[in-house]
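# Survey of secondary and tertiary structure
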Amino acid sequence: MKDDDLVTMTEKQKRARRSRSIAIGVALAVLVVLFYFATIAKFGPAILDRPL
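Bear in mind that the values here come from a model prediction, so they are computed numbers and not experimental data. (Residues numbered from 1 in each chain as written. Predicted model: local features only at pLDDT ≥ 70, side-chain atom pairs only at ≥ 80, totals over all residues. Heavy atoms only, no water.)

Looking only at helices and strands, one finds one helix and zero strands in the protein. Looking at the protein as a whole, 2% of its 52 residues qualify as buried. As displayed, the protein has an accessible area near 5,300 Å², and 66% of this comes from carbon and sulfur atoms. (Helix = DSSP H or I, 4+ residues; strand = E, 2+ residues; numbered from the N terminus. Buried < 20%, exposed > 50% of the residue type's maximum accessible area, 1.4 Å probe, protein only. Areas by Shrake-Rupley, 256 points an atom, 1.4 Å probe, with all protein chains shown as cover.)

Written out as structure tokens, the structure reads:
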């Protein structure tokens, strides 16, 4: 593949890609926190005191 085969993105496209990436990252972080608190709510705080 030659270098002239590559697509050059404009600054507007780069900003849009970065915005989407940040939005996806924030959404994933929110889901992780939501699942964490849902697990704690379901099992209760005693889940940390159980014997292994």
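A separate point is the UniProt feature "transmembrane region" (unreviewed entry) in the protein. Mapped onto this numbering, the UniProt entry gives "transmembrane region" (unreviewed entry) at residues 21–41. For residues 21–41, the end-to-end C-alpha separation is 30 Å, with 100% helix and 0% strand making up the annotated structure. (UniProt positions renumbered as here; feature names shortened; annotations may be inferred.)

Let us look at helix α1 (residues 11–43). Over its 33 residues, α1 runs 48 Å from end to end, which matches the ideal 48 Å to within 8%, given 1.5 Å per residue. Of the residues flanking the end of α1, it is G44, one or two places downstream, whose phi is positive at about 85°. (Expected span 1.5 Å × (residues − 1).)

Two numbers describe a pair of aromatic rings. These are the distance of the centres and the angle of the planes. Throughout the structure, instances matching the rule amount to one aromatic pair. Relative to F37, the ring of Y36 lies with its centre 5.4 Å away and its plane at 75°, an arrangement referred to as edge-to-face. Accessibility expressed as a relative area gives 53% for F37, which makes it exposed. (Phe/Tyr/Trp six-rings, centres within 6.5 Å; stacked < 30°, edge-to-face > 60°.)

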